[in-house]
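Commentary on secondary and tertiary structure
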Amino acid sequence: MKSINDDGSTQDLDPQSDHSSDYLTHPNSNPQPHPHPRRPRGFAAAAAVTTNSVAKGKKEREKEKERTKLRERHRRAITSRMLAGLRQYGNFPLPARADMNDVLAALAREAGWVVDADGTTYRQCPPPSHMGSFAAKSVESQLSGGSLRNCSVKETIENQTSVLRIDECLSPASIDSVVIAERDSKNEKYTNASPINTVDCLEADQLMQDIHSGVHENDFTGTPYVPVYVKLPAGIINKFCQLIDPEGIKQELMHMKSLNVDGVVVDCWWGIVEGWSPQKYVWSGYRELFNIVRKFKLKLQVVMAFHECGGNDSSDALISLPQWVLDIGKDNQDIFFTDREGRRNTECLSWGIDKERVLKGRTGIEVYFDMMRSFRTEFDDLFAEGLISAVEVGLGASGELKYPSFSERMGWRYPGIGEFQCYDKYLQHSLRRAAKLRGHSFWARGPDNAGHYNSMPHETGFFCERGDYDNYYGRFFLHWYSQTLIDHADNVLSLATLAFEETKIIVKVPAVYWWYKTPSHAAELTAGYHNPTNQDGYFPVFEVLRKHAVTMKFVCLGFHLSSQEANESLIDPEGLSWQVLNSAWDRGLMAGGENALLCYDREGYKRLVDTAKPRNDPDHRHFSFFVYQQPSLLQANVCLSDLDFFVKCMHGKDPWNLLCFM
């Protein structure tokens, strides 16, 4: 039996208990407490906890949470300063969103170690000092069935023994573990002598075949198929929309066909098609060119080129904006982009007139839409038969989505930071309106300490470390500046998707890689991308591209810049490519590529393929196409065998089965 005390506790009334017997013997007397009471357990213990102790424990937990937050903020601040210092003063190639793992990897590489993508770190194997009768070979092969993937085996064949050994300095990342195998002379198999890994499924004949077949680490056989397009030169059609050299074009296309190129890219210049009178479109030269392309059964990508050719391009051709537009510009120069000194840039129209009826009663985006609609109507038959696979829409200087901040005619030279292009009256009106809405009308001005075209970031008060770019005014101005670029893309693409319904639309994004290692990313800021180290400037741009389901095309470098140039301009093309491509892919965008206009050797082509089909991407993402641009394949400085190697790698075929060219 149990009795309930006044305090809510229970007491055992078992007759065999001493206390219960005393209580039964003397019912009128109060029971005496036991000198050593039992500790309450279970529900009784929980009920005994007072309100004060609960409140005290909760308060301590809240304090600990705050202390943890403060420690984390302190740690992040230190990490941010370390990364900025290593980038700016140590020239470390750290990614845009680096963490301490990236720092450790960079320090290890600086000390002479090799760090693989999975974190495996080892000393670089020294090259062999001599060649014996049988040279030791290092082979990397990818085997089917997943039995042994990306394994590197170093073979040493000696006259006295038949044991296959692994060199001590061999990368553990190249193989799952070090394997020492003996060859069984009876069954011609390699049996595993290591307690770590097993390769029973590895046949000797297969291994020897890989060794002697010349398998290379840059073998892209079996990788995804990436279509390759070749861009035709800009000057093949004159200002009267006439095809200049049809026979030369045919020879060019014949070479492309022999290289198994998938298609060609043709610029349709606004200054040619609507060159003389508004809304009078001439397509005759392009019709003749497209008919020739059709005969060779090549795909076709067309570019709606609303910019000038020959200003910053390497082409010998000079194609200006339409003459009637230039005539309007004589009376109203504010239709063009303008720098701080008031100099006008006629490379393309200012985005300030996108919705201003200053072009013979039409707005900027209406002019773009009318040309796109005319093209779609004129070549409806080519769209119907699938010859035109995609349309690229030019959205700024050089056809790229950027401000004309790096104009050579204005005196810019690489690696200058460029200048902001927002001083025409239409963009200035937009800036004043944005400042008024923010409640700070005195912010309606461009920065007065941003230097000039060829300044370095540290020479300016705006772009230097802890400069004005990161204060309240600087962030406001840069947000407005980049938002103007985003709004322009949104307005034009809204009409482009209407004109080219059910056709792939492409937008070209620039590769502004110089000064990428500085905190401000000065060159990207003047180009219109608000992408300092503490902000992702490509996110809002790619959100608009995703809204219209367009494909992003990125300019890829296939060449190495000198160490002196890298130190002077703090470049990081690999870091920029990593940020841009991953930002696009993470938002579900299709991505394509285009090379910079330079001649390439075999190593340059390999770097382009590595960018198009990243080896270490866990999601196996890759480009949907690649555009190769070169002035002409008939020029003597173009090595067709190397180009054939590039096309085969892009197609995922055996690159060593090369064509022979005389």
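Residues numbered from 1 in each chain as written. Predicted model: local features only at pLDDT ≥ 70, side-chain atom pairs only at ≥ 80, totals over all residues. Heavy atoms only, no water.

**Notes on the nonpolar core**
Core analysis: the largest hydrophobic core is formed by 154 residues, its most contacted members being Tyr286, Phe290, Phe375 and Phe646. Here the element with the most residues in this core is helix H13 (residues 472-499); it accounts for 13 residues. Leave out the neighbours within four places in its chain, and tyrosine 286 touches Ile237, Cys241, Val266, Asp267, Cys268, Trp269, Ile272, Val273 and Phe379. Residues Leu83, Leu86, Phe92 and Ala106 belong to the second largest nonpolar core, which totals seven residues. (Core = buried A, V, L, I, M, F, W, Y, C linked by side-chain atoms within 4.5 Å. Buried < 20%, exposed > 50% of the residue type's maximum accessible area, 1.4 Å probe, protein only. Helix = DSSP H or I, 4+ residues; strand = E, 2+ residues; numbered from the N terminus. Contact = heavy atoms within 4.5 Å.)

**Here's the deal with the sheet that holds strand E12 (residues 299-305)**
Taken together, the eight strands give a closed barrel; going around it, the order is E10-E11-E12-E15-E16-E17-E18-E19, and neighbouring strands pair in parallel fashion. Between one strand and the next, the sheet's axes are offset by a mean angle of 30°, whatever the strand orientation. The pairing of strand E15 (residues 388-393) with strand E16 (residues 504-509) spans three bridges and is parallel. Its bridge partner lying in E16, glutamate 392 is registered against isoleucine 506. Its contacts with the sheet put helix H8 (residues 284-295) on strand E11 (263-269) and E12, and the angle it makes with E11 is roughly 175°. Strands in contact with H13 are E15 and E16; relative to E16, the strand with the most contacts, it is inclined by about 155°. (Pairing = 2+ DSSP bridges. Axes fitted to C-alpha atoms, helices over the stretch in contact; angles between N-to-C directions.)

**A few points about unusual backbone geometry**
Proline 415 follows tyrosine 414 through a cis peptide bond whose omega is 5°. Tracing the sequence through the fold places proline 415 in the loop between E15 and helix H12 (425-438). Located in the positive-phi region is alanine 549, a residue other than glycine, with phi close to 55°. Along the chain, the position of alanine 549 falls in the loop between helix H15 (539-547) and strand E17 (551-556).

**Some details on the pattern of salt bridges**
Considering all chains together, one arrives at 31 salt bridges under this definition. With a shortest N-O distance of 2.6 Å, lysine 553 and glutamate 392 are connected by a salt bridge. One end of the pair, lysine 553, is in strand E17; the other, glutamate 392, is in strand E15, with 161 residues separating them in the sequence. In this pair, the class of lysine 553 matches that of glutamate 392, namely buried. (Salt bridge = Lys/Arg side-chain N within 4 Å of Asp/Glu carboxyl O.)

**Focus on the environment of glutamine 242**
Structurally, glutamine 242 can be placed in the loop between strand E10 (228-231) and helix H6 (246-258). Overall, the relative accessible area of 45% leaves glutamine 242 in the partly exposed class. Sequence-wise, glutamine 242 and leucine 289 are 47 residues apart; in three dimensions their C-alpha atoms are separated by 9.4 Å. Those residues in contact with glutamine 242 that lie beyond four places of it in its chain are Ile236, Ile237 and Gly285.

**Some words on the UniProt feature "active site" (unreviewed entry) in the protein**
The positions that UniProt labels "active site" (unreviewed entry) are, in the present scheme, Glu400 and Glu594. For the residues just named, distributed over 195 residues, the greatest C-alpha separation is only 11.7 Å, placing them together at one site. Within the secondary structure layout, glutamate 400 lies in the loop between E15 and H12. What makes glutamate 400 buried here is its relative accessible area of 10%. Discounting chain neighbours no more than four positions away, the residues touching glutamate 400 are Leu395, Lys508, Pro510 and Val555. The class for glutamate 594 is buried, based on a relative accessible area of 1%. Here glutamate 594 is in contact with Lys231, Lys508, Lys553, Phe554, Val555, Cys556, Phe626, Val627 and Gln629, once residues within four sequence places are set aside. (UniProt positions renumbered as here; feature names shortened; annotations may be inferred.)

**Things to note about the state of the cysteines**
Counted according to the given criterion, the structure contains zero disulfides. With no disulfide of its own, cysteine 241 has cysteine 268 as its nearest cysteine by sulfur position, at a separation of 8.4 Å. (Disulfide = S-S within 2.5 Å.)

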